[in-house]
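A look at the structure
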Amino acid sequence: MLSTLKIMLSTLRSRGADPARRRSLAVTVAAVVLVVLGGAVPAIAARPAASPLTLATDVGQVTVNPVPCANQGFQLLFGNAGRKDVYADAFIEAPEPLRLSRSLVSSYLPAGYTLKVAIAVSAPRDTPPGRYTITLTAGDQRLSLPVDVEPAPVDDSGDLARYVEVSASSENLPNYPACGAVDGDRDSTHWGTTTGWNDSTKGSFPDWLRVTFDKPETVGRVDLYTLDSAKYPADRYGLRDWDVQALVGDGWKTVAQVRGNLAGQVSSVFAPLTASAVRVVTQSSNEGVTYSRVVELEVYAS
Ligand SMILES: [Ca+2]
């Protein structure tokens with residue numbers, strides 16, 4: 001091989017060769033050099049194989065609203081590009097005070113398979129707005145995901161139930177979460193699309209739905225919107241009986257009772273008091289002993 005190259009190079013250097021032949025020879029020399037170099041490639045491939053794991057996310061950036069009930073996050077795509085099935089771990093790390101629904105994905109990954117895992121990202125209300133970075137690692141793979149925390153939204157309607165913690169005795173998930181009852185949407189035609197709360201204990205009363213304030217608030221009125229649409233009228237599917245209670249100090253105080261309701265909306269007005277939480281305790285539905293359904297719960301000072 002080398003002697004052939006020497007002859008070709010000598011011919012290339014000779015002044016007698018015509019230009020066309022020199023070009024042809026030059027191409028041949030280049031090809032021979034490539035072949036010689038190509039012979040070295042297997043040595044490179046013989047080094048230890050890189051990790052077969054792959055990491056990706058379905059979005060390039062996550063926006064976070066630092067309030068309860070904000071539904072935000074990303075999908076982790078955790079794959080095995082190798083030829084062998086493996087058990088593998090992916091670690092997800094977020095800087096304080098961000099919170100992740102999970103920090104570890106540990107899974108069996110068949111060869112060629114990519115696992116998709118939803119990761120929720122949240123932040124407390126006092127999180128300074130700005131850019132944060134989530135780090136994902138698996139094997140020798142490492143990935144950074146930018147997170148932009150926005151300023152906490154402010155409700156200017158006076159509804160104290162917006163953007164605070166909400167909880168319930170039970171939730172009929174995924175379509176009827178407690179968060180749906182404080183999302184600002186009172187429209188019963190949206191029922192079933194996460195905009196209203198439905199308990200998950202059919203045939204069992206009472207149920208309860210609660211909002212907890214960041215600090216004690218003066219409350220004097222609770223508006224409850226139960227299910228009421230052309231398809232699901234309140235006098236057939238809505239709440240019939242419930243108590244409104246306020247958490248004063250360590251005790252629940254019943255501030256209003258609603259009985260025999262057939263309407264889609266009921267406003268309970270009572271003497272204002274200072275409470276750290278408000279809840280409705282449901283007693284019965286116009287459908288009979290089935291479910292509690294609340295499209296929106298609003299709490300005001302008066
Ligand atoms: Ca709602």
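Residues numbered from 1 in each chain as written. Predicted model: local features only at pLDDT ≥ 70, side-chain atom pairs only at ≥ 80, totals over all residues. Heavy atoms only, no water.

**A word on the overall build of the chain**
Regarding its fold elements, the chain presents four helices and 16 strands. Here the chain holds 302 residues, and 40% of them are scored as buried. Pairs at least 24 residues apart make up 68% of the contacts formed inside the chain by residues separated by at least 6 positions. Of the accessible surface of the chain, which amounts to about 16100 Å², a share of 53% is contributed by carbon and sulfur atoms. (Helix = DSSP H or I, 4+ residues; strand = E, 2+ residues; numbered from the N terminus. Buried < 20%, exposed > 50% of the residue type's maximum accessible area, 1.4 Å probe, protein only. Contact = heavy atoms within 4.5 Å. Areas by Shrake-Rupley, 256 points an atom, 1.4 Å probe, with all protein chains shown as cover.)

**Overview of the coordination of the calcium ion**
Taken together, the protein donors to the calcium ion comprise G180 (O), D183 (OD), D185 (O), T195 (O), T195 (OG1), V295 (O) and E296 (OE), at separations of 2.3 to 3.0 Å. Sequence spacing of the donors to the calcium ion: G-x2-D-x1-D-x9-T-x99-V-E. Of the two residues, D185 sits in the loop between β10 (165-168) and β11 (197-198) while V295 sits in strand β16 (residues 293-300), which places them 110 residues apart along the sequence. (Donors = N, O, S within 2.8 Å, 3.2 Å for Na, K, Ca; no water.)

**A closer look at the confidence of the model for the chain**
Counting all residues, the mean pLDDT for the chain is 89, and 84% of those residues have values of 70 or more. Segment residues 1-5: pLDDT under 50, and five contacts once partners within four positions in sequence are set aside and those in other chains are kept. Predicted confidence for residues 27-46 stays below pLDDT 50, and this span has nine contacts to residues more than four positions away or in other chains. (pLDDT = per-residue confidence, 0-100.)

**What to know about the sheet that holds strand β5 (residues 99-100)**
In space, the four strands of this open sheet follow the order β1-β3-β7-β5, with antiparallel pairing throughout. Edge strands, defined here as strands with exactly one partner in the open sheet, are β1 (53-57) and β5. Note: β1 against strand β3 (residues 73-80), five bridges, orientation antiparallel. Opposite T54, over in β3, you have G79 as the bridge partner. (Pairing = 2+ DSSP bridges.)

**Concerning the sheet that holds strand β8 (residues 130-138)**
Read from one edge of the open sheet, five strands run β2-β9-β8-β4-β6, paired in mixed fashion. With partners counted over all chains shown, the strands left at the sheet margins are β2 (62-64) and β6 (104-109), one partner each. With direction set aside, neighbouring strand axes in the sheet form an average angle of 25°. Examined bridge by bridge, strand β4 (residues 86-93) and β8 share three bridges and lie antiparallel to one another. (Axes fitted to C-alpha atoms, helices over the stretch in contact; angles between N-to-C directions.)

**Let's talk about the pairing of β8**
The pairing of β8 with strand β9 (residues 141-149) spans nine bridges and is classified as antiparallel. Counterpart to T137 in the pairing with β9 is R142. Hairpin remark: β8 followed by β9, antiparallel, with two residues in the connecting loop; positive phi at G139, about 55°.

**A look at the pattern of salt bridges**
Applying the stated criterion across every chain, the model contains seven salt bridges. The residue R131 makes a salt bridge to D148 at a minimum N-O spacing of 2.5 Å. One end of the pair, R131, is in strand β8; the other, D148, is in strand β9, and 17 residues separate them in sequence. With a closest N to O distance of 3.1 Å, K215 and E217 form a salt bridge. (Salt bridge = Lys/Arg side-chain N within 4 Å of Asp/Glu carboxyl O.)

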